[in-house]
Amino acid sequence: MPDFDPRALAVVERLNTAGFRTVLVGGCVRDSLLSIPLHDYDIATAALPQQVLEICADLRCVETGLKHGTVTVLSGGLPLEVTTFRKEGDYTDHRRPDKVTFTDDLSLDLARRDFTINAMAWGQEGLIDLFGGCADLEDRLIRCVGDPDRRFSEDALRPLRGLRLAAQLDFSLEEHTAAALRRHIPELRYVAWERITTEFLRLLCSPAAPRVLLEFPEAVVQILPELAPSVGFDQRNPHHCYDVYTHSVKTLANVPPDPALRLAALLHDVGKPPAFTLDEEGIGHFYGHPKISAMLSEKALGRLRLDKATQERILTLIARHDLPVEPTRRWVGRWLSRLGEEVFFDLMALKRADGLACALPGGEREQIRSQAEQLARTMIAEQACFTMKDLAVNGHDAKKAGLHGPEIGAALRSLLDQVAQGELPNDRDVLLTKLSQKSGA
Ligand code: ATP
Ligand code: MG
């Protein structure tokens, strides 16, 4: 028997004992058969939500989605999503069934699930596998339950879930499922952006994301149409052996699985096709492309509904990805101060990944980047001054020195720049003198 948490099994048993067929279902059954750690438990039951609440009255219950049949039961601190068996309703909008119908038939509940590996259950009798999920796990295949065309057109998020799952588990798409998936990708336009973004970011951060992104560029382009011109775009430059899209995916593969970094990597060269020029020797150049990439990405990130701070972080990384690095205290201080610590190191990671995804990974450039990073760590440990709040003078001092309005911010920023670059000491007397010089007092 797989290694399920006894706190989950206790609730399954309790509902069964009360006379309602109850099973573990979905991701926890799949992952336990794969011997990978379980991160959440879904329970399916013949009991109606009201009955679940009564039977579990001594446990903490949250009425998560009573209309959809879901109660979250906390068993010894472990949250369990307990959902009444449902059967497939009609879909008319490619999004959600028109209405939710409860049933006491487990096989109908399993038949409405998206993929065979997600449609297995574990009950008192052991594994319940009506659609060949176990065989597909062994073959490492994502296959729809039932007719893929029908299943994808019912809920247009399913194609993206299929790709996310393939990337997460490093599975392949079964042939008919893959073909239908390509046909139904355009219907993603009916799906709310919040749902798309959740699945898409999980896909981007999954171990086999690069393979899936290269196999299904049409899905990426549906979500990020700005990337369409990059697919197959020949760079005509000896420094680059991949088309722009392939290079972008390979860059993504080389950054850590953080959503902002992965999006920055995927979009960093989106401005290359519009910036493309050919010189007399027939060599391609992309002057000024980081700015164009940032402009195009701003629209894309807004659509994905990312929070403003994350959008800013990604756009800074994209706009600065070609910044030449100097391994000097002056350069490192300036950019630690301008970007902040986190974005500084993210930028180094992006530049390193970008370099690795080219024809000739530049050994010398990598050495310079490593030196700059090392220097940054040393300077941070020395508690050098990189932010306004570390500066030995503040707005009050600037006012006292006779500066007004916007002059104050500008004067402090200019002092901070000089201090961060090591041109001025972070010494109150020195900085006060500078402030009074600026005000002309
Ligand atoms: P993970 O938790 O790792 O994302 P999971 O399979 O548990 O994997 P959930 O989103 O928690 O994914 O969904 C739980 C189960 O509900 C799935 O295993 C699947 O059986 C079913 N399911 C979820 N979304 C859909 C959908 N859009 N269409 C059909 N079935 C779905
Ligand atoms: Mg789950």
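Cut-offs and rules
- Numbering of residues begins from 1 in every chain and follows the order in which that chain's sequence is written.
- Numbering of ligands from 1 and lettering of chains from A proceed in the order in which they are written.
- Reporting of local features is limited, given that this is a predicted model, to residues whose pLDDT is at least 70; pairs of side-chain atoms are given and counted only at 80 or more, and all residues count toward the totals for whole chains, interfaces and linings.
- As a rule here, side-chain values cover all heavy atoms of the structure and leave hydrogens and water aside.
- Numbering of helices and strands runs from the N terminus; a helix is a DSSP stretch of H or I covering at least four residues, while a strand is a stretch of E covering at least two.
- Partly exposed residues are those whose accessible area sits between 20% and 50% of the maximum for their type, while under 20% is buried and over 50% is exposed, using a 1.4 Å probe and protein chains only.
- Whether two residues touch is decided by their heavy atoms; if any such pair falls within 4.5 Å, the residues are in contact.
- Here the Shrake-Rupley method, with its probe set to 1.4 Å, supplies the accessible areas, and only the displayed protein chains count as covering residues.
- Neither His nor the chain termini are counted; the positive set is Lys and Arg, and the negative set is Asp and Glu.
- By convention, the point assigned to a charge is CZ for Arg, NZ for Lys, CD for Glu and CG for Asp.
- Working definition: a ring pair exists when centres of Phe, Tyr or Trp rings (six-membered ring for Trp) sit within 6.5 Å. Plane angles under 30 degrees give stacked, over 60 give edge-to-face, the rest tilted.
- The nearness test applies per residue and asks whether one of its heavy atoms lies within 4 Å of the molecule or strand.
- Each polar contact in these results corresponds to two N or O atoms within 3.5 Å; when the atoms are within protein, one needs to be able to donate a hydrogen and the other to accept it, and residues that are neighboring in sequence are counted only if both atoms are side-chain atoms.
- These domain limits were set by an automatic method or by a database of domain assignments.
- A fitted line through C-alpha atoms represents every axis, and for helices the fit uses only the stretch in contact; the resulting angles, taken between N-to-C directions, go from 0 to 180 degrees.
- Note on angle classes: values under 35 degrees are labelled roughly parallel, values over 145 roughly antiparallel, values of 65 to 115 roughly perpendicular, and the remainder oblique.
- Handedness of a helix crossing follows the sense of rotation of the near helix relative to the far helix, less than a right angle counterclockwise being left-handed and clockwise being right-handed.
- Gly falls in the polar group here, along with every residue not listed as nonpolar (Ala, Val, Leu, Ile, Met, Phe, Trp, Tyr, Cys, Pro) or charged (Asp, Glu, Lys, Arg).
- Joining two parts hides part of their accessible area as seen by a 1.4 Å probe, and the buried area is that hidden amount summed over both.
- Here, a salt bridge means any side-chain nitrogen of Lys or Arg that lies within 4 Å of a carboxyl oxygen of Asp or Glu.

Caption draft 1: Examining the overall build of the protein more closely. Tallying secondary structure elements over the protein gives 22 helices and 13 strands in all. Seen along its three principal axes, the alpha-carbon backbone of the protein occupies a region of about 85 × 60 × 40 Å. In the protein, which comprises 441 residues, the share counted as buried stands at 49%. Looking at the protein alone, contacts between residues at least 24 apart form 65% of all its contacts between residues at least 6 apart. Only carbon and sulfur atoms are counted for the fraction: they give 52% of the accessible area of the protein, which is about 20,600 Å². Taking the 53 positively charged and 63 negatively charged side chains of the protein as two groups, their mean positions are separated by 5 Å.

Caption draft 2: Molecular detail of the packing of aromatic side chains. Counted by the stated rule, this structure contains seven aromatic pairs. Each ring, one from phenylalanine 115 and one from phenylalanine 152, has its centre 6.4 Å from the other, and the planes form 55°; the classification is tilted. One end of the pair, phenylalanine 115, is in the loop between helix H4 (106-111) and strand E8 (121-123); the other, phenylalanine 152, is in helix H6 (residues 148-154), and 37 residues separate them in sequence. Like phenylalanine 152, phenylalanine 115 is buried. Here phenylalanine 233 and phenylalanine 276 contribute two aromatic rings whose centre-to-centre distance is 5.3 Å and whose plane-to-plane angle is 80°, an arrangement assigned as edge-to-face. Taken together, the residues span a long stretch of sequence, with phenylalanine 233 in the loop between helix H11 (217-223) and helix H12 (244-254) and phenylalanine 276 in the loop between helix H14 (272-275) and strand E12 (277-278) at a distance of 43 residues.

Caption draft 3: Here's a closer look at the site of ligand 1. Close to ligand 1 lie 16 residues; Arg30, His39, Asp155, Arg158 and Arg202 are nearest. A distance of 2.9 Å separates an oxygen atom of ligand 1 from a polar backbone atom of asparagine 118. Here ligand 1 has 580 Å² of accessible area as a free molecule, and 83% of this is covered by the chains. Every element with two or more residues in the shell around ligand 1 is listed here: helix H2 (27-33) and helix H7 (158-169). By residue number, the principal contributor to the shell around ligand 1 is H7, which donates four residues. Counting residues domain by domain, the shell around ligand 1 receives three or more from each of domain 1 (1-139) and domain 2 (140-223).

Caption draft 4: A look at the packing of H12 against helix H13 (residues 259-267). Contact pair H12 / H13: the axes reach a minimum separation of 7 Å and the direction vectors enclose 155°. Between H12 and H13, the interaxial angle falls into the category roughly antiparallel. Considering how the two elements wind past one another, H12 and H13 form a crossing that is right-handed. Note on element contacts: H13 touches H12 through Arg262, Ala265 and Leu266, opposite Ser248, Val249, Thr251, Leu252 and Ala253. Of the residues contributing to the contact of H12 with H13, the split by class is five nonpolar, two polar and one charged.

Caption draft 5: Highlighting the domain arrangement of the protein. In terms of domains, the protein is made up of domain 1 (1-139), domain 2 (140-223), domain 3 (225-384) and domain 4 (388-439). Domain 3 puts eight residues into the contact, and the matching count from domain 4 is six residues. Roughly 490 Å² is buried in total at the junction of domain 3 and domain 4, and carbon and sulfur atoms are behind 35% of that figure. If you sort the residues of domain 3 by the area they bury against domain 4, Arg330, Ser337 and Arg338 come out on top, with a joint share of 67%. Close ionic contact of glutamate 423 with arginine 330 constitutes a salt bridge, the shortest N to O distance being 2.7 Å. Looking at the side of domain 3 that touches domain 4 element by element, the count peaks at six residues for helix H17 (residues 329-339). Its residues placed into classes, the side of domain 3 that touches domain 4 shows two nonpolar, two polar and four charged.

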